[in-house]
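Read off the chains here:
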Amino acid sequence: MESVNLQSSLQTDVQTQAEMTQSSGRHDRNQDIGLGRGVYVSTYGCQMNVNDTERMYSLLEMANFTPVKTPEEAELIIINACSIREKPVHKVYSEVGRYRKLREKNPGLKIGVGGCVGQQEKENLIKNQPLIDFVFGTDNIDSLPNLVSQVFTDKAKVIQTKFEHRAPYHVETLVRNPGVSTFVNIAKGCDNFCTFCIVPYTRGREKSRPMSHVLMDVRNLVNRGVKEVSLLGQNVNSYHSEDGADFADLLKKVATDTGVERIRYTTSHPKDFNEKLMHVMADHQDKICEYVHLPFQSGNTEILKRMNRGYSREEYIAKINQMKKIIPNLVLSTDIIVGFPGETEEAFQDTMSLVEEIGFETIYAFMYSPRPFTKAAQFTDQIEEKVKNERLNRLFDHQDKIAFEIVKRYQDQTLNVLVESINEQGKAQGRSTQNKLVYFMGTADLIGKTVPVRITQPFPSVLRGELQQ
Ligand code: SAH
Ligand code: SF4
Ligand code: F3S
């Protein structure tokens, strides 16, 4: 590995955005920092990261960079990386390694790493991989044009990973070409500190946007043609606005006061899912999709305790039963971790049985991966990789059978599908209110419209159907 003189070349930037703008004064939005250079952002991780990438492109485009489709066309490459499990972190290093040839061809090429990996690894990234020119954290996206400007003009390595602990969370949604469906961040960060999870360290303390800002954002998006918004947060249902509104209040207002046609949200936490929210969903089902993603992580109460999840198996089941009663036609998905430290075969069977008892249409299951800073990484009863792997496969096999049975109910049902795209052969793609991907033959004028589609072939991952005239 090349060595790099960190003392002289690293410039750890701890200024706030306001201070930077004042002190440098030269790189405000809309200034020509990019000189038309191509920028490519590679994205890993959750919808929050996908949304952040769109924000990066928007900000950089305002500073006269040109978004491009491949790294080969770019003079600026940014990796917006995820660190929820170990694998994505390794992917970042191998991706940067692949850019070595591009750098040899174009010594002016700049490479940066952001997202949760940037926040977590900070200067280590540059120490371990000197091809990286700059690192920025999850709270520093709005300073990206300034930061990139420094990288291009000062030719120094730059690291900016400071959290704005005191600043309120005020960000308008930036989307270049909003499609039919768009994400809107309503909260960021997490204070729950589940013992397996790195998010509280990479996204900082939980903060909510004022309700009036969210509503304004949605109205603006609707004016630009958006039909569906997905409200985003690490724990959307612990949202609390300065004026005392909670998530149920916000959801209701988005449904009644913005003109948007459809609303989704993710991710909710079981302990914050209250009856008020269930009723808002039921009362506004014309707008709010009857789909809830509610991670349970483990079906065993002892493991849930060690995970610091704040609910037991029985409490989770009771909440789901209450939801099923209040929200008509409720569709559920969940996240599960297998092989958490101390998980016995018996405890794993509790997860298997919970999956069956609830009947999720989709599960997102992962092998436990020890993460830096987290409590569970210190637990001494870690599970062997091959046991974790074997449990994960058993869980997926189990769920495949369950989901196959569940989706049979869609056979011959007519679903309302919001059409998102259509290919040259006339194959249209959209989503139903159950969050199902639906394919059918259609025409381009249907994009952005909600149309009735009769399901002819239901599969767990996709439904095929025919447009009803
Ligand atoms: N805020 C959400 C989850 C966000 S992280 C919630 O609390 O439900 C997304 C998912 O990644 C988690 O639900 C969990 O299933 C998984 N995950 C998080 N940390 C993990 C780890 N260390 N190992 C394996 N999976 C993990
Ligand atoms: Fe992570 Fe738990 Fe927060 Fe979800 S609630 S982001 S799993 S710490
Ligand atoms: Fe990954 Fe960060 Fe999202 S760790 S899952 S990108 S919050």
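Residues numbered from 1 in each chain as written. Chains lettered and ligands numbered in written order. Predicted model: local features only at pLDDT ≥ 70, side-chain atom pairs only at ≥ 80, totals over all residues. Heavy atoms only, no water.

1. Some words on the site of ligand 2
Keep this limit in mind: For each residue, the test is whether any non-hydrogen atom lies within 4 Å of the molecule or strand; if one does, the residue is near. Residue polarity is assigned by list, with Asp, Glu, Lys and Arg as charged and Ala, Val, Leu, Ile, Met, Phe, Trp, Tyr, Cys and Pro as nonpolar; anything else, Gly included, falls into the polar class.
For ligand 2, the full set of nearby residues is Cys190, Asn192, Phe193, Cys194, Phe196, Cys197, Val199, Pro200, Gln234, Asn235, His269 and Arg309. Taken together, the residues that form the shell around ligand 2 break down as seven nonpolar, four polar and one charged.

2. Comments concerning the environment of Lys388
For the record, the criterion: Put simply, DSSP H or I for four residues or longer makes a helix, DSSP E for two residues or longer makes a strand, and each gets a number counted from the N terminus. A 3.5 Å cut-off defines polar contacts: any pair of N or O atoms within that distance qualifies, except that in protein one atom must be a possible hydrogen donor and the other a possible acceptor, and neighbouring residues in sequence count only when both atoms are side-chain atoms.
Within the secondary structure, Lys388 sits in helix 16 (residues 385–407). When the C-alpha atoms of Lys388 and Gly34 are compared, they prove to be 47 Å apart, with 354 residues separating the residues in sequence. Within the structure, Lys388 has its side chain in polar contact with the backbone oxygen of Tyr368 (distance 2.8 Å). A distance of 2.9 Å separates a polar atom in the side chain of Lys388 from a polar atom in the side chain of Glu385.

3. Digging into the site of ligand 3
Taken together, Cys46, Asn49, Cys82, Ser83, Ile84, Cys116, Arg203 and Gln234 make up the full set of residues adjacent to ligand 3. Counted by class, the shell around ligand 3 contains four nonpolar, three polar and one charged residues.

4. A closer look at the side chain of Asn80
Position of Asn80 relative to the elements: it lies in strand 4 (residues 76–81). A polar side-chain atom of Asn80 sits 3.4 Å from the main-chain amide nitrogen of Gly115.

5. As for the domain arrangement of the chain
Basically, it comes down to this: Where each domain starts and ends follows an automatic or database-derived domain assignment. Buried area is calculated as the accessible area (1.4 Å probe) missing from two parts once they are joined, with the contributions of both summed. For salt bridges, the criterion is a side-chain nitrogen of Lys or Arg within 4 Å of an Asp or Glu carboxyl oxygen.
Looking at the assigned domains, one finds that the chain contains domain 1 (8–160), domain 2 (178–289), domain 3 (300–409) and domain 4 (411–467). Look at where the C-alpha atoms of domain 2 and domain 3 centre, and you get two points 24 Å apart. In this assembly, domain 2 packs against domain 3 so that about 1,900 Å² is buried in total across both faces, 67% of it on carbon and sulfur atoms. For the pair domain 2 and domain 3, the interface holds zero salt bridges. The interface formed by domain 2 and domain 3 contains ten residue pairs in polar contact (both at pLDDT 80 or more). With five residues, the top contributor of residues to the side of domain 2 that touches domain 3 is helix 12 (residues 275–283). Among the residues making up the side of domain 2 that touches domain 3, the classes are represented as eleven nonpolar, five polar and two charged.

6. Thoughts on the pattern of salt bridges
Applying the stated criterion across every chain, the model contains 27 salt bridges. A salt bridge links Glu228 to Arg262; the shortest N-O distance between them is 3.5 Å. Here Glu228 is found in strand 11 (residues 228–232), whereas its partner Arg262 is found in strand 12 (residues 262–266), with 34 residues between them in sequence. When the shortest N-O distance is used, the salt bridge between Arg394 and Glu390 registers 2.7 Å. Residue Arg394 and its partner Glu390 are located together in helix 16, separated by four residues, close to a single helical turn. A network of salt bridges, in which partner residues are shared, links Glu343, Glu345, Glu390, Arg391 and Arg394.

7. Section: the packing of helix 12 against helix 14 (residues 313–326)
Going by this rule: An axis is simply a line fitted to the C-alpha atoms; with a helix, the fit covers only the stretch in contact. Between two such axes, the angle follows the N-to-C directions and lies from 0 to 180 degrees. In these notes the angle categories are as follows: under 35 degrees is roughly parallel, over 145 is roughly antiparallel, 65 to 115 is roughly perpendicular, and the rest is oblique. In this scheme the crossing of two helices becomes right-handed for a clockwise turn of the near helix relative to the far one and left-handed for an anticlockwise turn of less than a right angle. The contact criterion used is simple: two residues touch if any of their non-hydrogen atoms lie within 4.5 Å.
For the pair helix 12 and helix 14, interaxial distance at closest approach is 9 Å and the crossing angle is 30°. On the basis of the axis angle, helix 12 is roughly parallel to helix 14. As helix 12 runs across helix 14, the sense of the crossing is right-handed. Contact residues: Glu275, Met278, His279 and Ala282 in helix 12; Lys319, Gln322, Met323 and Ile326 in helix 14.

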